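Coordinate analysis (summary)
Now for the letters of each chain:
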Amino acid sequence: MSAAAHVTAEIASQPECWTRAAELAVSVADRLPHPGERVAVVGCGTSYCIARAYAALRESTGLGETDAYPASEVALGRPYDRIVAITRSGTTTEVLHLLAAVAGRIPTLAITGVTTAPVAHRADAVIGLGFADEKSVVQTRFATTALQLLRAGLGTDLTPSIADGELAVAEPLPRSWLERTQFTFLGSGWTTGLADEAALKLREAARVWTESYAAMEYRHGAISISDRSSLVWSFGDPPAGLEDEVATTGALFTADALDPVASLVRAQRLAVELAGRRGMNPDRPRNLSRSVILAGAPA
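Just so it is clear, the structure is predicted and the values come from calculations on it, not from any experiment.

For the rest of this paragraph, the subject is the pairing of strand E7 (residues 209–214). One ladder, built from six bridges, connects strand E6 (residues 182–187) with E7; its direction is parallel. By the bridge assignment, Gly187 is partnered in E7 with Ala214. Between the parallel pair E6 and E7, the chain is carried across by helix H9 (residues 191–206), and the sense of this crossover is right-handed.

Structure (structure tokens):
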């Protein structure tokens, strides 16, 4: 099997997974957060980036106050009506500890790729995304499918996003992107979490120099790192004047018209391409495993 065989296939399958997520959202609507509930969304690593995107999107649509936390850092002194935990493996220590800590006090929902994992016994409700589970250590389709499920639960029609996803997996990446050595991802509102996830993908898969910021914050110091070796990528519409400011640094700027989740697919593909050029296998990145299980943690 060639290097990156799993992650390459998993990236390509995302539009199909999103179609299934849109269908699933109808049948699990009663398990998703209800309008008006105060919700905490948690995860670790990639799942935390997705939690942040969903939290910002849900609150911005007026469906209820929504906070996002790393699973190890939840502010349990705040009154939440529901906790949503996103965990691909269903075995992540911090998620299991949190669910045990709130058992019987706060209703919990787990969104996972493995419904036989320990998380299924800790959460009050479970939504299984086994069709989006992955063999690669680097997480791609599970994360985007979880977000698309949650977006559908907010009433978003995923049809345009799915169409954009099909473009994102089919169109060649610009050669100019692959020639860069420093990458800065920018977002605004719910896409800030996606920008952070794009940067994480490049670090995990290819160990390249990446940073991510809220788009307006990038101007406050971080822009100084950009030069002719940089790609500055905005998820969603960039603030007025930002492209011109980036141009003065010599960096290449991009802000495509695709749905932001489809843009994330392009960033995933960029990470895999860069990894291949550096002789790395993103299916098995250095120092990473499919799930973080702390030594001595209970099952």
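For the coordinates displayed, the defined rule picks out ten salt bridges. Glu134 is the partner of Arg88 in a salt bridge, and the nearest nitrogen-oxygen pair spans 2.6 Å. Here the residue Arg88 occupies a position in the loop between strand E3 (82–87) and helix H4 (93–102), and Glu134 occupies one in the loop between strand E5 (125–128) and helix H6 (141–153), the gap between them amounting to 46 residues. With respect to class, Arg88 is no different from Glu134; both count as buried. Among the ionic pairs, Lys201 bridges to Glu197, the shortest N-O distance being 2.5 Å. Of this pair, Lys201 and Glu197 both sit in helix H9, four residues apart, roughly one helical turn. Across this residue pair, the class does not change: Lys201 and Glu197 are buried. Bridged by salt links that share partners, the residues Glu197, Lys201 and Glu204 form one connected network.

A separate point is the side chain of Thr254. Looking at where Thr254 falls in the secondary structure, it is placed in strand E9 (residues 252–254). Not counting residues within four places of it along the chain, the set of residues in contact with Thr254 comprises Trp177, Leu231, Val232, Trp233 and Ser234.

Another aspect to go through is the environment of Asp237. Looking at where Asp237 falls in the secondary structure, it is placed in the loop between strand E8 (230–234) and helix H11 (242–249). Between the alpha carbons of Asp237 and Thr46 there is a distance of 23 Å; along the sequence they are 191 residues apart.

Between its first and last C-alpha atoms helix H2 (residues 14–27) spans 20 Å; for 14 residues at 1.5 Å apiece the expected length is 20 Å, and the two agree. Taken residue by residue, H2 has Gln14, Pro15, Cys17, Trp18, Ala21, Leu24 and Ala25 as its buried positions. On its buried side, H2 packs onto helix H1 (5–12), E5, H6, helix H7 (159–170) and helix H12 (260–277).

Procedures and definitions
- Starting from 1, residues in each chain are numbered consecutively following that chain's sequence as written.
- Given that the model is predicted, a residue must reach a pLDDT of at least 70 before its local features are reported, and side-chain atom pairs must reach 80 or more before they are shown or counted; all residues, however, enter totals for whole chains, interfaces and linings.
- Calculated side-chain values reflect all of the structure's heavy atoms, with hydrogen atoms and water omitted.
- Pairing between strands requires that DSSP locate at least two bridges from one strand to the other.
- Only DSSP runs of H or I covering at least 4 residues are called helices, and only runs of E covering at least 2 are called strands; the numbering of each starts at the N terminus.
- Throughout, right-handed denotes a crossover for which the path from the first strand over the helix to the second runs clockwise when the strands point away from the viewer.
- Whenever Lys or Arg places a side-chain nitrogen within 4 Å of a carboxyl oxygen from Asp or Glu, that contact is recorded as a salt bridge.
- When a residue's accessible area, from a 1.4 Å probe over protein chains only, is under 20% of the maximum for its type it is buried; when over 50% it is exposed; and in between it is partly exposed.
- The contact criterion used is simple: two residues touch if any of their non-hydrogen atoms lie within 4.5 Å.
- Given the number of residues in a helix, its expected span is that number minus one, multiplied by 1.5 Å.

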